[in-house]
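# Examination of the molecular architecture
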Amino acid sequence: MADEDAVDLIVPAGGVHIMLPEHFSPDSMGLIVPKTSDGRVLFFLPWENGTLSGTTDSVTELTMRPKPTEKETSFILQECQKYLDAPVARSEVLAAWSGIRPLVRDPKRLQEGTKALSRKHVIEVGASGLITITGGKWTTYRRMAEDTVNEAQKQMKVQDPQPCKTRGMQLVGSDRAGVVCDGKFNSILVALKNDYGLAHDVAKHLVGNYGTRALQIAEIVRQNKYGVAPPSSSKAASFAKRLSPRYPYLEAEVVFACEQEYAGSPIDVVARRTRLAFVDAEEARKAAPRIVEIMSRIHRWSWAEREAALHDVDDFLDTFQS
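An account of the accompanying structure is given in this report.

Quick look at the pattern of salt bridges now. Any two side chains of opposite charge can pair, so long as their charged atoms come close to each other. Using the criterion set out here, one finds 15 salt bridges in the structure. The shortest N-O distance in the salt bridge between Asp-201 and Arg-242 comes to 2.9 Å. A residue pair is termed long-range when its members are at least 10 positions apart, and Asp-201 in helix α4 (residues 200-210) and Arg-242 in the loop between α5 (214-223) and α6 (251-260) qualify at 41 residues. Residue Arg-242 is classed as partly exposed on the basis of its relative accessible area, which comes to 29%. The closest approach of N and O atoms between Arg-246 and Asp-280, which form a salt bridge, is 3.5 Å. Here Asp-280 lies in the loop between α8 (276-279) and α9 (281-299) and Arg-246 lies in the loop between α5 and α6, a separation of 34 residues in the sequence. Since its relative accessible area comes to 52%, Arg-246 is described here as exposed. Its relative accessible area of 3% is what places Asp-280 among the buried residues. Connected through salt bridges with shared partners, the residues Glu-251, Arg-290 and Glu-293 form a single ionic network.

Bringing the nonpolar core into the picture now. Leu-192, Leu-198, Leu-206, Ile-291 and Met-295 are the most contacted members of the largest nonpolar core, which has 59 residues in total. Here the element with the most residues in this core is α9; it accounts for nine residues. Formed by 15 residues, the second largest nonpolar core is a distinct cluster that contains Ile-18, Leu-42, Leu-77 and Val-93.

We now examine helix α2 (residues 141-155). Over its 15 residues, α2 runs 21 Å from end to end, which matches the ideal 21 Å to within 8%, given 1.5 Å per residue. When we look at burial in α2, the residues that qualify are Met-144, Glu-146, Glu-151 and Gln-153. The elements touched by buried residues of α2 are β8 (122-125) and β9 (131-134). Positioned one or two residues after α2, Lys-157 has a phi angle of 55°, which is positive.

With that settled, consider the packing of helix α7 (residues 266-273) against helix α10 (residues 303-318). Put simply, α7 and α10 touch, their axes get as near as 8 Å, and they point 35° apart. On the side of α7, the interface is formed by Pro-266, Ile-267, Val-270 and Ala-271, while α10 contributes Ala-309, Asp-312, Val-313 and Phe-316. A per-class count over the contact of α7 with α10 returns seven nonpolar, no polar and one charged.

Right, let's talk about the packing of aromatic side chains for a bit. Scanning the model with the defined rule gives six aromatic pairs in all. Ring centres 6.4 Å apart and planes at 35° place the aromatic pair Trp-97 and Phe-320 in the tilted group. Highlighted residues: Trp-97 in strand β6 (residues 95-105) and Phe-320 in the segment after α10, separated in sequence by 223 residues. Residue classification places Trp-97 among the buried positions, given a relative accessible area of 11%. Take Phe-320: its relative accessible area is 4%, and that puts it in the buried class. With a centroid separation of 5.1 Å and 55° between ring planes, the pair formed by Phe-316 and Phe-320 is classed as tilted. Taken together, the ring pairs connect Trp-97, Phe-278, Phe-316 and Phe-320 into an aromatic cluster.

Where α6 contacts α9, the axes come no closer than 10 Å and their chain directions differ by 40°. Crossing geometry of α6 relative to α9 is assigned as right-handed. The residues of α9 that touch α6, namely those facing Glu-251, Val-254, Val-255 and Cys-258, are Arg-290, Ile-291, Ile-294, Met-295, Ile-298 and His-299. Taken together, the residues that form the contact of α6 with α9 break down as seven nonpolar, one polar and two charged.

Turning next to the side chain of Ser-244. Turning to its location among the elements, Ser-244 is positioned in the loop between α5 and α6. According to the relative accessible area criterion, Ser-244 is buried, its value standing at 1%. Of the polar contacts made by the side chain of Ser-244, one reaches the side chain of Glu-283; its length is 2.6 Å. In contact with Ser-244, other than residues within four places in its own chain, are Tyr-249 and Glu-283.

In this section: the environment of Leu-103. Its location among the elements puts Leu-103 in strand β6. Taking the relative accessible area as the measure of exposure, Leu-103 reaches 8% and is therefore buried. In this structure, the C-alpha to C-alpha distance between Leu-103 and Glu-79, residues 24 residues apart in sequence, is 24 Å. Sequence-distant contacts of Leu-103, defined by excluding residues within four places in its chain, comprise Leu-9, Ile-10, Val-11, Ala-13, Leu-117, Ser-118 and Arg-119.

Here is what the cut-offs are and how they apply
- Sequence order sets the numbering: in each chain, residues are counted from 1 along the sequence as written.
- Confidence filtering applies because this is a predicted model: local features only for residues at pLDDT of at least 70, side-chain atom pairs given and counted only at 80 or more, and all residues used for totals across whole chains, interfaces and linings.
- The basis for the side-chain values is all heavy atoms of the structure; hydrogens and waters are excluded.
- Basic side-chain nitrogens of Lys or Arg form a salt bridge, by our definition, when they fall within 4 Å of a carboxyl oxygen of Asp or Glu.
- Comment: elements are numbered from the N terminus, with helices defined as DSSP H or I runs of at least four residues and strands as E runs of at least two.
- Only protein chains enter the accessibility calculation, which uses a 1.4 Å probe; a residue whose area is less than 20% of its type maximum is buried, one above 50% is exposed, and one in between is partly exposed.
- Definition of nonpolar core: a set of buried residues of the types Ala, Val, Leu, Ile, Met, Phe, Trp, Tyr and Cys, connected through side-chain atoms within 4.5 Å.
- Expected span, for any helix, means 1.5 Å times one less than how many residues it has.
- In this analysis, two residues are considered to be in contact whenever any of their non-hydrogen atoms come within 4.5 Å of each other.
- Lines fitted to the C-alpha atoms define the axes, with helices restricted to the stretch that makes contact. Angles between their N-to-C directions range from 0 to 180 degrees.
- Residue classes follow a fixed rule: Ala, Val, Leu, Ile, Met, Phe, Trp, Tyr, Cys and Pro count as nonpolar, while Asp, Glu, Lys and Arg count as charged, and any other residue, Gly among them, counts as polar.
- Only centres within 6.5 Å qualify two rings of Phe, Tyr or Trp (six-membered ring in Trp) as a pair; their planes then separate them into stacked at under 30 degrees, edge-to-face at over 60, and tilted for everything else.
- For a crossing to be left-handed, the near helix must be turned anticlockwise from the far one by less than a right angle; the clockwise case is right-handed.
- Whenever a nitrogen or oxygen atom comes within 3.5 Å of another N or O atom, the pair is scored as a polar contact, on the condition that within protein one atom can donate a hydrogen and the other can accept it, and that pairs from neighbouring residues in sequence are kept only if both atoms are in side chains.

Have a look at this one:
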């Protein structure tokens, strides 16, 4: 470390979210309550064919697998009841999970105690010139990169510094050619339905989550890699095996995750490539054996490795049910 006596700047804070059925929110409308009974924020958002609601905020211990408590889940449900016409039953919670936010102490305001805690990122330059960026969140990663690069150029006294380019960099799968965004209709969505025989909800899901790369997943279905399509030449809407009959996630996405996105475990698939674990924990648990089966063929796992992977994902999914 640059300074062995440096004060810890990160304070972990737990936040719980729950997933409810889709009928609790319109497709294109969200709701935010800026102040609940304990001063926190409550929101309802349509997400992945369901309704996302949260959140709590409390200091927590660091752990690789945080788990929501029944008290936290019940609090969100109680607050929900105040703003919905239809009552929300505990049994309607499809998944509940806890995440850890990296709240940060501003090193220039340490004397203020907890008032100095921030959900924004903080950049500190040490006496040695080491640049440290702490805090922040996934949704501000581009701004964090931009501020860090700009600060690095400033500290290095770069002549003719160039502004950070992250703002204009497109992600893999973005519509670089303007096929989707600039057209009068979504040609990729149409191709997925007409040329590959995928159901509308599946085609919409693939375009929304993979962009132009959705066609690569459709090709995996067409080629029936690792048995992800039923033995049929029909282009009917059922022409693609789903991981769950209730959701548009496909077995072909498991193959794509392994071959193109470095998925190395079933946890990667249910939580970090698809979002099935966050949407419906029980359906993710039901899909786990098939996911392990496909991955074991791709990665050539032994029987012991398959059993270990299945046990690990089962333990992981326990943290999604309070």
